[in-house]
Amino acid sequence: GENLNLLSTQQQELVKMLLENGQDHLFRDWPPPGVDDDHKKAFFDQLTLLDSSYPGGLESYIKNAKRLLADSKAGNNPYDGFTPSVPTGETLTFGDENYINFEETGVHEARKAAFVLVAGGLGERLGYSGIKVALPAETTTGTCFIQHYIESILALQEGSSQGESQTQIPLVIMTSDDTHGRTLELLESNSYFGMQPTQVTLLKQEKVACLEDNDARLALEQQNKYRIQTKPHGHGDVHSLLYSSGILNVWYDAGLKWVLFFQDTNGLLFKAIPAALGVSASKQYHVNSLAVPRKAKEAIGGITRLTHSDGRSMVINVEYNQLDPLLRASGYPEGDVNCETGYSPFPGNINQLILELGPYIEELSKTGGAIQEFVNPKYKDASKTSFKSSTRLECMMQDYPKTLSPSARVGFTVMETWFAYAPVKNNAEDAAKVPKGNPYHSATSGEMAIYRANSIILKKAGVQVAEPVLQVFNGQEVEVWPRVTWKPKWGLTFSRIKSKVRGNCSISLRSTLAIKGQNIFIENLSLDGALIIDAVDEAEVNVSGSVQNNGWILETVDYKDTTEPEVLRIRGFKFNKTEQLETKYAEPGKFHLKA
Ligand code: UGB
């Protein structure tokens, strides 16, 4: 009572709302004014933050929670009334004519694109001590994910604005309290990896209040009755954050047309971006989800057509833990199983979304960016009356299409996994337990997938690349190919890569090739060892002849060996850099490196 005098009118309103919504426990046992006043003030500050960072405020949060908790207790299925079926979409085969046409369209469209990286997750499954975007995507060059992403966007920017006025493709990074400081620090200490600092916007998502029971009572911290427990709300926050920041209108006014969302650790993604954007533009998709063939029960969502008995129909991601029960309940007694192709008929969502900006803004102005949520309480027993620990509402960015009208053009594009998807999500121990044939999604497989993709692409471009061998690292059997890497600006599209490889070239299995410049041409090169070429953009370098040296030897590392750095332990291998040919061209001009 008397404590109310400490508050502003706005805060008094908030307290009133909380009392009306069954939250009186929050203020129970409060000492009179004069005692703990600083703690009480901090408590109200937290309440104000929780209130302002959720669409519709805390009142909506509590009401949504009550409804979703009641549904969960009653065992109501959000998919009730919906029948799943296999949707149709575009399927791309790397390097064929169709693909090359889409790439060309995509590169052209890129000048009207903005990118949004969701990087607020801590990556509990990976168990890496740093932020995930700081993790090297591969250890041949040591390029971390955020650097690779930024260089890819810059390459698109260059590639799309040739001969025309220079565009700057904007990048938004969604962070959280877990990642914000370290992300900013990484960018600042590396001069934004070549981007203009004004080109990059960090939007921090806030956590949401935890709930202690089915009545959606907000949970207080055990040690501190003046602090509400909070947990992440999920990557779906990205939509409301973009909306409330006002940045979408700025983009629209600047003539942008596409917003591309992507996740924190996929080293292959940007190989697929130009063609996927080309699909969006050619098909005029309002929503285009990128997908890959998916093994039944694999831990990625399945893209599904859901048709309701009332006639509604949508193409949407169904999370992996829900797809199997949904199928079983809808006349597929075996649930989610592989078909004759060896894959589930439901393509796997890789959470790369391409949205058309205009319709996106229109939709968000109706919803405020609120995304359909879910709750996943761990009940103490079958009575479902109490929880083992507090829970909270969650939301996912790929659920955005759920509120769209049936006339919205929602499509998807299936890419071959080898060039589109190799995330780093699982720690070594968990990856080693993945059923045979399913992807590991570990640092080991993520790095090897990059060498594999680059090797296969060079093969398709006419280079004789040695066949891979199978090798086990950290209990995971992976294909080991020559360690080929290049800067995104060297090989933004397949056509560009082909134009840089000439004559009869070959690469042996024990080789390492790192191309760190834009205008480097490989002609009649025979590589058996390590070759590192670095050149400024204004230097044109022609590389030919026979390179033979002891190279960089691949050695195993045990993930339990604490004498090795963590970034190597989580991969299970390292390179012993015995001998290499390394050249650097720092001046403009034409050069010929004849080995
Ligand atoms: N993320 C945030 O930015 N904020 C958050 O609160 C949470 C996450 P995970 P998840 O591609 O294999 C997704 O944890 O959620 C960021 C899809 O839902 O790596 O288990 C985080 O930093 C699933 O359908 O993945 O599963 C990261 O960049 C499937 O596509 C991203 O969100 C799966 O990814 C994803 O977070 C997949």
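See the structure printed just above.
Residues numbered from 1 in each chain as written. Predicted model: local features only at pLDDT ≥ 70, side-chain atom pairs only at ≥ 80, totals over all residues. Heavy atoms only, no water.

**Re the overall build of the protein**
At step 1: Assigned secondary structure in the protein consists of 16 helices and 29 strands.
At step 2: Here the C-alpha atoms of the protein give a radius of gyration of 26 Å, agreeing with the 25 Å that 2.2 N^0.38 yields for 595 residues.
At step 3: Dimensions of the protein, computed from the C-alpha atoms along their principal axes, are close to 85 × 60 × 50 Å.
At step 4: By residue count, 56% of the 595 residues in the protein fall in the buried class.
At step 5: Summarising the internal contacts of the protein: among those between residues at least 6 apart in sequence, 70% fall at separations of at least 24.
At step 6: Here the protein displays about 25,300 Å² of accessible surface, and carbon together with sulfur accounts for 48% of that area.
At step 7: Taking the average location of the 59 positive side-chain charges in the protein and that of its 71 negative ones, the two points are 3 Å from each other. (Helix = DSSP H or I, 4+ residues; strand = E, 2+ residues; numbered from the N terminus. Rg over C-alpha atoms; globule rule 2.2 N^0.38 Å. Buried < 20%, exposed > 50% of the residue type's maximum accessible area, 1.4 Å probe, protein only. Contact = heavy atoms within 4.5 Å. Areas by Shrake-Rupley, 256 points an atom, 1.4 Å probe, with all protein chains shown as cover. Lys, Arg positive; Asp, Glu negative; His and termini not counted. Charge placed at Lys NZ, Arg CZ, Asp CG, Glu CD.)

**As for helix H1 (residues 9–20)**
At step 1: The terminal C-alpha atoms of H1, which comprises 12 residues, lie 17 Å apart, in line with the 16 Å expected from a rise of 1.5 Å per residue.
At step 2: Gly-22 lies just past H1 and shows a positive phi near 75 degrees. (Expected span 1.5 Å × (residues − 1).)

**Describing the site of the ligand**
At step 1: Neighbouring the ligand are 23 residues, the closest being Val-118, Gln-205, Asn-349, Gln-398 and Tyr-421.
At step 2: Between the ligand and Gly-121 there is a distance of 2.9 Å, counted from an oxygen atom to a backbone nitrogen or oxygen.
At step 3: Note that an oxygen atom of the ligand is positioned 3.4 Å from one of the backbone N or O atoms of Gly-301.
At step 4: For the ligand, whose unbound accessible area comes to 700 Å², protein coverage reaches 88%.
At step 5: When grouped by side-chain class, the residues that make up the shell around the ligand number eight nonpolar, 11 polar and four charged. (Near = heavy atom within 4 Å. Polar contact = N/O pair within 3.5 Å; in protein donor to acceptor, adjacent residues only side chain to side chain. Nonpolar A, V, L, I, M, F, W, Y, C, P; charged D, E, K, R; others polar.)

**A closer look at the environment of Leu-357**
At step 1: Position of Leu-357 relative to the elements: it lies in helix H11 (residues 357–367).
At step 2: Residues Leu-357 and Val-318, 39 residues apart in the sequence, show an inter-C-alpha distance of 24 Å.
At step 3: Not counting chain neighbours up to four residues away, the residues in contact with Leu-357 comprise Leu-248, Trp-251, Tyr-252, Leu-256, Lys-257, Trp-258 and Val-259.

**Description of the sheet that holds strand E19 (residues 483–486)**
At step 1: Read from one edge of the open sheet, four strands run E19-E22-E24-E28, paired in parallel fashion. The sheet terminates laterally at E19 and strand E28 (581–585), the two strands that pair on one side only. This sheet shows a mean twist of 5 degrees between the axes of neighbouring strands, independent of strand direction.
At step 2: Summarising the sheet, strand E22 (residues 512–515) and strand E24 (residues 530–535) pair through four bridges and their orientation is parallel. For Ala-514, the partnering residue across the bridge sits in E24 and is Ile-532.
At step 3: Sheet contacts for helix H14 (residues 443–460): E19 and E22; angle to E19, the most-contacted strand, approximately 80 degrees. (Pairing = 2+ DSSP bridges. Axes fitted to C-alpha atoms, helices over the stretch in contact; angles between N-to-C directions.)

**Digging into unusual backbone geometry**
At step 1: In this model, Asp-36 sits at a positive phi of 60 degrees, which is unusual for a non-glycine residue.
At step 2: On the secondary structure map, Asp-36 appears in the loop between H1 and helix H2 (37–52).
At step 3: By relative accessible area, Asp-36 is classed as partly exposed at 29%.
At step 4: Backbone geometry at Ser-191 places phi at a positive 50 degrees, although glycine is not the residue there.
At step 5: Turning to its location among the elements, Ser-191 is positioned in the loop between helix H6 (180–188) and strand E5 (200–205).
At step 6: Of the residues examined, Ser-191 reaches a relative accessible area of 55% and is grouped as exposed.

**Some words on the nonpolar core**
At step 1: Counting 98 residues, the largest nonpolar core has Phe-115, Ile-146 and Leu-458 as the members making the most contacts within it.
At step 2: At nine residues, helix H9 (residues 269–283) tops the list of elements feeding residues into this core.
At step 3: The residues touching Leu-458, leaving out its near neighbours within four places in the chain, are Val-463, Val-465, Val-484, Trp-486, Trp-490, Ile-497, Val-501, Ile-507 and Leu-513.
At step 4: The next biggest cluster of nonpolar side chains, apart from the first, holds 31 residues, and it includes Leu-50, Tyr-61, Leu-211 and Ala-216. (Core = buried A, V, L, I, M, F, W, Y, C linked by side-chain atoms within 4.5 Å.)

**A closer look at the side chain of Asp-528**
At step 1: Mapped onto the secondary structure, Asp-528 falls in strand E23 (residues 520–528).
At step 2: A distance of 3.1 Å separates the side chain of Asp-528 from the side chain of Arg-510, its partner in a polar contact.
At step 3: Within the local environment of Asp-528, its side chain forms a polar contact with the side chain of Gln-548, the two groups lying 2.6 Å apart.
At step 4: Ignoring anything within four residues of it in the chain, the contact list for Asp-528 reads Ser-508, Arg-510, Ser-511, Val-547, Gln-548 and Asn-549.

**A word on the pattern of salt bridges**
Opposite charge on two side chains makes pairing possible when the charged atoms of those side chains draw close.
At step 1: All chains considered together, the criterion is met by 29 salt bridges.
At step 2: Glu-206 is the salt-bridge partner of Lys-204, the closest N and O atoms lying 3.1 Å from each other.
At step 3: Residue Lys-204 is classed as partly exposed on the basis of its relative accessible area, which comes to 27%.
At step 4: One salt bridge connects Glu-221 with Arg-227, and the closest N-O pair in it is separated by 4.0 Å. (Salt bridge = Lys/Arg side-chain N within 4 Å of Asp/Glu carboxyl O.)

**Here's the deal with the packing of aromatic side chains**
At step 1: This model, assessed by the stated rule, comprises 28 aromatic pairs.
At step 2: Judged by centre distance (6.3 Å) and plane angle (20 degrees), the ring pair of Phe-27 and Phe-44 falls under stacked. Of this pair, Phe-27 sits in the loop between H1 and H2 while Phe-44 sits in helix H2, placing them 17 residues apart in sequence. Accessibility assignment for this pair places Phe-27 and Phe-44 in one class, buried.
At step 3: Between Tyr-360 and Tyr-400 the ring centres are 5.2 Å apart and the planes differ by 80 degrees, which places this aromatic pair in the edge-to-face class. Placement of Tyr-360 in helix H11 and of Tyr-400 in the loop between strand E14 (393–395) and strand E15 (410–414) is noted, with a sequence separation of 40 residues between them. Just as Tyr-360 is buried, Tyr-400 falls in that class too.
At step 4: Members of the aromatic cluster, connected to one another through ring pairs, are Phe-27, Trp-30, Phe-43, Phe-44 and Tyr-226.
At step 5: Lys-295 extends its terminal NZ or CZ atom over the ring of Tyr-343, reaching a point 4.6 Å from the ring centre.
At step 6: Lys-577 extends its terminal NZ or CZ atom over the ring of Trp-552, reaching a point 4.4 Å from the ring centre. (Phe/Tyr/Trp six-rings, centres within 6.5 Å; stacked < 30°, edge-to-face > 60°. Lys NZ or Arg CZ within 6 Å of the ring centre and 35° of its normal.)

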